[in-house]
Amino acid sequence: VLCRAGLKLCGAMVGCAAAAVICADREGLIRLWNPGSEALFGYAAGEVIGQSLDLIIPEKLRRAHWDGYRRALAAGHTLHGRRALPTRSMHKNGGRLYVELSFSVVKDAQGAVIGAMAIGRDITARYLKSKDQ
(Lines give C-alpha, C1' and ligand atoms only; values in the text may rest on other atoms or scores of the structure.)
Protein backbone atom coordinates (compact mmCIF):
# COMPACT_ATOMS: atom_id res chain seq x y z
CA VAL A 1 0.00 0.00 0.00
CA LEU A 2 1.38 3.38 -0.97
CA CYS A 3 1.42 6.44 1.23
CA ARG A 4 0.14 9.76 -0.11
CA ALA A 5 3.65 10.72 -1.26
CA GLY A 6 3.93 7.41 -3.09
CA LEU A 7 0.58 7.97 -4.81
CA LYS A 8 1.72 11.41 -5.95
CA LEU A 9 4.89 9.88 -7.35
CA CYS A 10 2.93 7.14 -9.15
CA GLY A 11 0.60 9.75 -10.64
CA ALA A 12 3.55 11.84 -11.81
CA MET A 13 5.21 8.80 -13.39
CA VAL A 14 2.05 7.75 -15.25
CA GLY A 15 1.55 11.34 -16.39
CA CYS A 16 4.99 11.63 -17.95
CA ALA A 17 5.26 8.10 -19.38
CA ALA A 18 5.72 7.94 -23.14
CA ALA A 19 3.79 4.67 -23.20
CA ALA A 20 0.02 4.56 -23.13
CA VAL A 21 -1.28 3.71 -19.65
CA ILE A 22 -4.97 2.82 -19.47
CA CYS A 23 -6.99 1.60 -16.50
CA ALA A 24 -10.56 0.36 -16.75
CA ASP A 25 -13.00 -0.72 -14.07
CA ARG A 26 -14.75 -4.10 -13.82
CA GLU A 27 -17.32 -2.99 -16.41
CA GLY A 28 -14.61 -2.00 -18.90
CA LEU A 29 -15.14 1.73 -18.50
CA ILE A 30 -12.00 3.82 -18.83
CA ARG A 31 -10.93 5.39 -15.52
CA LEU A 32 -7.35 6.46 -16.31
CA TRP A 33 -5.97 7.67 -19.64
CA ASN A 34 -2.54 9.26 -19.62
CA PRO A 35 -0.93 11.62 -22.19
CA GLY A 36 0.78 8.62 -23.80
CA SER A 37 -2.69 7.19 -24.49
CA GLU A 38 -3.78 10.51 -25.96
CA ALA A 39 -0.80 10.50 -28.33
CA LEU A 40 -1.29 6.87 -29.36
CA PHE A 41 -5.06 6.74 -29.83
CA GLY A 42 -5.88 10.39 -30.60
CA TYR A 43 -8.51 10.86 -27.89
CA ALA A 44 -8.10 13.43 -25.12
CA ALA A 45 -8.66 12.06 -21.61
CA GLY A 46 -11.85 14.10 -21.28
CA GLU A 47 -13.31 12.30 -24.29
CA VAL A 48 -12.75 8.80 -22.96
CA ILE A 49 -12.99 8.82 -19.16
CA GLY A 50 -16.15 6.90 -18.31
CA GLN A 51 -16.43 5.47 -21.84
CA SER A 52 -16.11 1.82 -22.85
CA LEU A 53 -12.83 0.37 -24.05
CA ASP A 54 -14.76 -0.38 -27.25
CA LEU A 55 -13.53 3.03 -28.47
CA ILE A 56 -10.13 1.50 -29.23
CA ILE A 57 -11.12 -2.12 -29.93
CA PRO A 58 -11.97 -3.02 -33.54
CA GLU A 59 -15.54 -4.30 -33.74
CA LYS A 60 -14.58 -7.76 -35.01
CA LEU A 61 -12.24 -8.26 -32.01
CA ARG A 62 -14.61 -7.08 -29.29
CA ARG A 63 -16.18 -10.42 -28.44
CA ALA A 64 -12.78 -12.06 -27.92
CA HIS A 65 -11.58 -9.04 -25.94
CA TRP A 66 -14.54 -9.07 -23.57
CA ASP A 67 -14.40 -12.85 -23.12
CA GLY A 68 -10.74 -12.55 -22.11
CA TYR A 69 -11.39 -9.49 -19.95
CA ARG A 70 -14.10 -11.29 -17.96
CA ARG A 71 -11.95 -14.42 -17.60
CA ALA A 72 -8.98 -12.42 -16.30
CA LEU A 73 -11.10 -10.51 -13.78
CA ALA A 74 -12.73 -13.73 -12.55
CA ALA A 75 -9.35 -15.50 -12.24
CA GLY A 76 -7.58 -12.51 -10.71
CA HIS A 77 -4.77 -12.66 -13.28
CA THR A 78 -4.21 -12.56 -17.01
CA LEU A 79 -3.54 -15.62 -19.16
CA HIS A 80 -0.16 -14.31 -20.39
CA GLY A 81 1.12 -12.71 -17.19
CA ARG A 82 2.75 -9.36 -17.81
CA ARG A 83 4.14 -10.34 -21.21
CA ALA A 84 3.49 -7.71 -23.89
CA LEU A 85 1.55 -8.97 -26.88
CA PRO A 86 0.82 -7.38 -30.26
CA THR A 87 -2.80 -6.63 -31.01
CA ARG A 88 -4.97 -4.60 -33.35
CA SER A 89 -6.49 -1.36 -32.17
CA MET A 90 -8.13 1.78 -33.59
CA HIS A 91 -7.18 5.44 -33.66
CA LYS A 92 -9.79 8.15 -33.14
CA ASN A 93 -9.61 8.97 -36.85
CA GLY A 94 -10.59 5.37 -37.68
CA GLY A 95 -7.07 4.40 -38.67
CA ARG A 96 -5.79 0.91 -37.95
CA LEU A 97 -3.16 0.60 -35.23
CA TYR A 98 -1.01 -2.28 -34.13
CA VAL A 99 -0.15 -1.95 -30.47
CA GLU A 100 2.04 -3.99 -28.16
CA LEU A 101 0.14 -4.24 -24.87
CA SER A 102 0.84 -5.75 -21.50
CA PHE A 103 -2.19 -6.35 -19.30
CA SER A 104 -2.59 -6.64 -15.55
CA VAL A 105 -5.52 -7.19 -13.23
CA VAL A 106 -5.82 -4.39 -10.66
CA LYS A 107 -6.74 -5.24 -7.07
CA ASP A 108 -7.60 -3.02 -4.11
CA ALA A 109 -5.80 -3.08 -0.74
CA GLN A 110 -7.93 -6.04 0.39
CA GLY A 111 -7.09 -8.05 -2.76
CA ALA A 112 -10.46 -7.64 -4.47
CA VAL A 113 -10.33 -7.24 -8.25
CA ILE A 114 -11.38 -3.71 -9.21
CA GLY A 115 -10.42 -3.61 -12.89
CA ALA A 116 -7.57 -3.96 -15.31
CA MET A 117 -4.77 -1.92 -16.78
CA ALA A 118 -2.77 -1.97 -19.97
CA ILE A 119 0.52 -0.40 -20.95
CA GLY A 120 1.06 -0.04 -24.66
CA ARG A 121 3.28 1.20 -27.44
CA ASP A 122 2.61 1.76 -31.13
CA ILE A 123 4.21 -0.95 -33.26
CA THR A 124 2.28 -0.18 -36.46
CA ALA A 125 5.31 0.69 -38.61
CA ARG A 126 7.32 -2.30 -37.38
CA TYR A 127 4.35 -4.66 -37.79
CA LEU A 128 3.54 -3.51 -41.33
CA LYS A 129 7.21 -3.66 -42.33
CA SER A 130 7.43 -7.27 -41.14
CA LYS A 131 4.34 -8.15 -43.20
CA ASP A 132 5.92 -6.64 -46.33
CA GLN A 133 9.01 -8.82 -46.10
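Everything numeric in this text was worked out from a predicted model, so none of it was measured.

Cut-offs applied
- Residues numbered from 1 in each chain as written.
- Predicted model: local features only at pLDDT ≥ 70, side-chain atom pairs only at ≥ 80, totals over all residues.
- Heavy atoms only, no water.
- Helix = DSSP H or I, 4+ residues; strand = E, 2+ residues; numbered from the N terminus.
- Rg over C-alpha atoms; globule rule 2.2 N^0.38 Å.
- Buried < 20%, exposed > 50% of the residue type's maximum accessible area, 1.4 Å probe, protein only.
- Contact = heavy atoms within 4.5 Å.
- Areas by Shrake-Rupley, 256 points an atom, 1.4 Å probe, with all protein chains shown as cover.
- Lys, Arg positive; Asp, Glu negative; His and termini not counted.
- Charge placed at Lys NZ, Arg CZ, Asp CG, Glu CD.
- Core = buried A, V, L, I, M, F, W, Y, C linked by side-chain atoms within 4.5 Å.
- Phe/Tyr/Trp six-rings, centres within 6.5 Å; stacked < 30°, edge-to-face > 60°.
- Salt bridge = Lys/Arg side-chain N within 4 Å of Asp/Glu carboxyl O.
- Polar contact = N/O pair within 3.5 Å; in protein donor to acceptor, adjacent residues only side chain to side chain.
- Pairing = 2+ DSSP bridges.
- Axes fitted to C-alpha atoms, helices over the stretch in contact; angles between N-to-C directions.

## Describing the overall build of the protein chain
A count of helices and strands for the protein chain gives five helices and five strands. Secondary structure elements of the protein chain occur, N-terminal to C-terminal, as α-β-β-α-α-α-β-β-β-α. Taking 14 Å as the expected radius of gyration for a compact globule of 133 residues, we find that the protein chain reaches 15 Å, a close match to that expectation. Dimensions of the protein chain along its principal axes, counting C-alpha atoms only, are 50 × 30 × 25 Å. Here the protein chain, with 133 residues, has 31% of them falling under the buried criterion. Long-range pairs, those at least 24 residues apart, make up 42% of the contacts in the protein chain with a sequence separation of at least 6. Here the protein chain displays about 8400 Å² of accessible surface, and carbon together with sulfur accounts for 57% of that area. Here the protein chain carries 19 positive and 11 negative side-chain charges, and the mean point of each set is 5 Å from the other.

## Re the nonpolar core
Within the largest apolar cluster, 23 residues are counted, with the highest numbers of intra-cluster contacts made by Ile-22, Trp-33, Phe-41, Leu-53, Ile-56 and Tyr-69. Contributing elements (two or more residues each) for this core: β1 (20-25), β2 (30-33), α2 (35-41), α4 (62-75), β4 (96-107) and β5 (113-122). In this structure, Ile-56 is in contact with Ile-22, Trp-33, Phe-41, Tyr-43, Ser-89 and Met-90, ignoring residues within four places of it in sequence.

## Topic: the packing of aromatic side chains
Aromatic rings in a pair are described by how distant their centres are and how their planes are angled relative to each other. Tallied over the full model, the rule gives two aromatic pairs. For the ring pair Trp-33 and Phe-41, a centre distance of 5.4 Å and an interplane angle of 40° mean the geometry is tilted. Phe-41 carries the same exposure label as Trp-33, and that label is buried. Ring plane angle 70° and centroid distance 5.2 Å describe the contact between Trp-66 and Tyr-69, whose orientation is recorded as edge-to-face.

## A short note on the pattern of salt bridges
In the structure shown here, the tally under the stated rule is five salt bridges. Asp-54 is paired through a salt bridge with Arg-62; the nearest N and O atoms lie 3.8 Å apart. Ionic pairing is found between Asp-67 and Arg-70, a salt bridge with its closest N-O pair at 3.2 Å. Remark: Arg-70 and Asp-67 occur in helix α4; sequence separation between them is three residues, near one turn of the helix. The class of Asp-67 is partly exposed, set by a relative accessible area of 31%.

## Structural notes on the side chain of Asp-25
Considering the arrangement of structural elements, one finds Asp-25 in strand β1. Engagement of the side chain of Asp-25 in a polar contact is seen with the backbone nitrogen of Glu-27, the distance being 3.0 Å. Looking at Asp-25, its side chain comes within polar contact range of the main-chain nitrogen of Leu-29, at 2.9 Å. Once residues lying within four places of it in the same chain are set aside, the contact partners of Asp-25 are Arg-31, Tyr-69, Ile-114 and Gly-115.

## Here's the deal with the sheet that holds β4
Strand order in the open sheet formed by five strands is β2-β1-β5-β4-β3, with antiparallel pairing between adjacent strands. Edge positions in the sheet fall to β2 and β3 (85-90), since each has one partner strand and no second. This sheet shows a mean twist of 35° between the axes of neighbouring strands, independent of strand direction. Here three bridges tie β1 to β2, and the two strands are oriented antiparallel to one another. Considered in β2, the bridge of Ala-24 is made with Ile-30. Seen against the sheet, α4 touches β1, β3, β4 and β5 and runs at an angle of roughly 130° to β5.

## Observations regarding the environment of His-77
Residue placement: His-77 occurs in the loop between α4 and β3. Residues His-77 and Gly-42, spaced 35 residues apart in sequence, show a C-alpha to C-alpha distance of 29 Å. In this view, His-77 contacts Ala-72 and Val-105; residues no more than four positions away in its chain are not counted.

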